[in-house]
Amino acid sequence: MEFTLTAEEQRFRQEVRDFLRAHLPNDISRRIDRLGYLMHGRDSIQRWMRILHQKGWSAPNWPKEYGGPGWTEMQRYIFDEECWLANAPTLPISSLTPVAPVIYTFGTAAQKERFLPPILRADVFWCQGFSEPNAGSDLASLRTTAKLEGGHYVVNGSKIWTGGAHHADWGFFLVRTNTEVKAQKGISFLLIDMKTPGVSVRPIVSLNGHHHLNQVFLTDVKVPAENLIGEPGKGWDYGKFLLENERTASAFINQSKRELRKAREIAAGEMRDGRPLLEHPEFSRRLARLEIEAGALEYSVLRVLTHEKTRYNGIAVAAVLKLHGSDLQQKIAELQVDALGPKAPRAFSEEDEGNPDSDPPGMEKYVAGRTADYLIARAATIYGGSQQVQRGIIAKLAFGL
Ligand SMILES: Cc1cc2nc3c(=O)[nH]c(=O)nc-3n(C[C@H](O)[C@H](O)[C@H](O)COP(=O)(O)OP(=O)(O)OC[C@H]3O[C@@H](n4cnc5c(N)ncnc54)[C@H](O)[C@@H]3O)c2cc1C
């Protein structure tokens with residue numbers, strides 16, 4: 001496949017690059033460079049999003065009509081790539097990507113007016129309450145119920161692995177509003193203010209020592225009926241719409257390209273037997289193989305973005321990208337940690353990660369955060385649908401098995 005950016009796309013890339021150079025706060029980019037992509041809290045994201053908002057770029061995937069820049073998929077890809085290159089914070093995915101398109105596609109005029117502008121301004125953050133203790137891959141078996149009583153739904157149940165619930169203002173939840181029909185047909189999409197009485201959030205600390213995940217308990221939570229999106233019983237369809245809407249995001253290709261560069265930097269700095277690791281054939285072969293895999297994945301993403309025709313179903317294509325993208329993330333993280341050798345476990349402590357402005361004594365600047373990223377990368381083959389589930393989707397939708 002021949003692939004080159006148009007003159008207009010090249011001009012756009014330069015505009016984004018110049019903007020990032022001029023406006024991305026140095027302390028934020030330095031911290032992300034030092035500590036990895038997950039190490040920036042709500043404050044940094046909010047500060048960065050507000051800067052982007054001034055430019056009209058705070059919601060790259062939204063149409064102009066709702067305050068987005070109205071970019072093409074290729075422009076969004078270029079923007080994303082430049083942001084990774086510049087060590088900008090990842091924007092709040094749960095707010096911008098899943099819930100907002102559902103609101104502006106299926107919501108009422110009042111819901112659009114109420115919920116979209118605060119997301120654009122980064123005043124409000126969202127979390128995604130889909131998975132439950134006994135409903136992950138098999139989401140249709142979810143048991144959290146919402147019973148309509150007067151003008152309210154009364155919600156009872158529990159959600160788990162809810163990323164960012166502890167600092168989210170609102171959550172979008174899949175709830176069961178009808179138990180009499182086929183499992184998928186009884187699910188609805190409900191917006192819940194996280195400060196409502198009866199909502200409680202219990203932290204789940206991850207293997208890397210960070211608190212991102214939570215279990216959310218909902219006990220007799222009264223939610224105004226006007227917070228239901230679209231029609232009752234259509235929640236499953238809206239969930240599928242989310243999947244089709246962002247076909248290439250789960251490839252995480254720009255993140256992997258950045259981490260490969262970091263792996264190269266580590267291998268150039270680390271010595272084995274008196275010479276840089278990068279000069280050892282076994283290591284450089286392993287690195288080259290991953291760079292080639294990343295190149296192939298990038299082309300697959302670009303084929304989708306340029307709407308190259310495929311005989312495969314869109315969800316199956318997204319599954320292929322997720323399968324390879326998450327596998328690649330893990331292999332790169334493993335390579336980085338292997339390259340660090342005995343320094344890797346030393347870098348895995350709050351103390352080492354604590355101060356982004358000075359290198360811990362005796363440690364090169366590329367060490368901090370690598371082991372924490374390696375550990376959280378284990379989750380990449382689980383969230384957004386496990387590897388086994390993606391393979392099942394490909395077998396069914398692409399090959400009719
Ligand atoms: C870091 C992280 C962040 C997350 N963030 C969120 C979030 O913000 N909101 C949210 O709602 N959820 C979130 N999740 C939950 C995530 O979507 C689920 O973990 C995922 O869907 C898998 O479900 P499960 O954990 O219940 O595992 P299970 O579904 O119980 O799977 C267990 C094992 O069985 C395998 N398996 C299951 N079904 C099949 C099948 N049909 N064929 C073959 N193998 C199968 C799986 O591959 C897996 O190996 C997050 C998870 C992680 C790890």
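Shown above is the structure to which this text applies.
Values in this document were obtained by computation on a predicted structure and should not be read as measured data. (Residues numbered from 1 in each chain as written. Predicted model: local features only at pLDDT ≥ 70, side-chain atom pairs only at ≥ 80, totals over all residues. Heavy atoms only, no water.)

Enquirer: Explanation requested: the environment of alanine 263 in the structure shown.
Expert: In this structure, alanine 263 sits in helix α8 (residues 253-269). For alanine 263, a relative accessible area of 1% gives the class buried. Separated by 76 residues in sequence, alanine 263 and alanine 339 place their C-alpha atoms 7.6 Å apart. Not counting chain neighbours up to four residues away, the residues in contact with alanine 263 comprise Leu287, Leu335 and Gln336. (Helix = DSSP H or I, 4+ residues; strand = E, 2+ residues; numbered from the N terminus. Buried < 20%, exposed > 50% of the residue type's maximum accessible area, 1.4 Å probe, protein only. Contact = heavy atoms within 4.5 Å.)

Enquirer: How should the packing of aromatic side chains be read in this particular structure?
Expert: Aromatic ring pairs are defined here through the distance separating the ring centres and the angle between the ring planes. Taken as a whole and judged by the stated rule, the model has 19 aromatic pairs. Arranged with centres 5.4 Å apart and planes meeting at 65 degrees, the rings of tryptophan 57 and tryptophan 71 form a pair that is edge-to-face. Here the residue tryptophan 57 occupies a position in the loop between α3 (42-55) and α4 (73-85), and tryptophan 71 occupies one in the loop between α3 and α4, the gap between them amounting to 14 residues. Overall, tryptophan 57 belongs to the buried group, its relative accessible area being 6%. The exposure class assigned to tryptophan 71 is buried, which follows from its relative accessible area of 12%. Taking 5.7 Å as the distance between ring centres and 90 degrees as the angle between the ring planes, the aromatic pair formed by phenylalanine 130 and phenylalanine 172 counts as edge-to-face. Placement of phenylalanine 130 in the loop between β1 (126-129) and β2 (145-149) and of phenylalanine 172 in strand β4 (residues 170-176) is noted, with a sequence separation of 42 residues between them. Comparing phenylalanine 130 with phenylalanine 172 shows no difference in burial state: the two are buried. These aromatic residues form a ring-pair network of at least three members: Phe106, Phe115, Trp126, Phe130, Trp170, Phe172, Phe189, Tyr238 and Phe241. Taking the ring centre of tryptophan 57 as reference, the NZ or CZ of lysine 55 above it sits at 5.0 Å. (Phe/Tyr/Trp six-rings, centres within 6.5 Å; stacked < 30°, edge-to-face > 60°. Lys NZ or Arg CZ within 6 Å of the ring centre and 35° of its normal.)

Enquirer: Whenever I open this one, the nonpolar core confuses me. Can you help?
Expert: Generally speaking, nonpolar side chains in soluble globular proteins are found buried as a group. Counting residues in hydrophobic clusters, the biggest one holds 78 residues, and the most contacted among them are Trp62, Trp126, Phe189 and Leu191. The dominant element in this core, judged by the number of residues it contributes, is helix α9 (residues 281-305), at nine residues. The contact partners of leucine 191, leaving out residues within four places of it in the chain, are Val99, Ile103, Phe115, Trp126, Trp170, Gly171, Phe172, Val223, Asn227 and Ile229. If you look at the next biggest cluster of nonpolar residues, it comprises 17 residues, including Tyr153, Ala168, Val221 and Leu228. (Core = buried A, V, L, I, M, F, W, Y, C linked by side-chain atoms within 4.5 Å.)

Enquirer: Just to check I follow, could you spell out the site of the ligand for this structure?
Expert: Taken together, 15 residues are adjacent to the ligand, and Gln128, Ser137, Trp161, Ser386 and Gln388 come closest. Between the ligand and the protein, one listed contact pairs an oxygen atom with a backbone N or O atom of phenylalanine 130 at 2.9 Å. At a separation of 2.9 Å, a nitrogen atom of the ligand approaches a polar backbone atom of tryptophan 161. When the ligand is considered free in solution it has 970 Å² of accessible area, and contact with the protein chains removes 61% of it. Here the residues of the shell around the ligand are counted per class, giving seven nonpolar, eight polar and no charged. (Near = heavy atom within 4 Å. Polar contact = N/O pair within 3.5 Å; in protein donor to acceptor, adjacent residues only side chain to side chain. Areas by Shrake-Rupley, 256 points an atom, 1.4 Å probe, with all protein chains shown as cover. Nonpolar A, V, L, I, M, F, W, Y, C, P; charged D, E, K, R; others polar.)

Enquirer: Sorry, what's going on with the side chain of serine 58 here?
Expert: With respect to the helices and strands, the residue serine 58 is situated in the loop between α3 and α4. Engagement of the side chain of serine 58 in a polar contact is seen with the backbone oxygen of leucine 120, the distance being 2.9 Å. Excluding residues that lie within four positions of it along the chain, serine 58 makes contacts with Met49, Leu52, His53, Leu91, Leu96 and Leu120.

Enquirer: I'm lost on a nonpolar patch on the surface in this one. Help?
Expert: Where nonpolar side chains cluster on the molecular surface, the patch consists of Tyr312, Phe399 and Leu401 and spans about 360 Å² of accessible area. Inspection of the secondary structure assignment puts tyrosine 312 in the loop between α9 and α10 (314-340). (Patch = residues over 30% accessible without salt bridge, like charges linked within 9 Å, V, L, I, M, F, W, Y side chains within 5 Å. Salt bridge = Lys/Arg side-chain N within 4 Å of Asp/Glu carboxyl O.)

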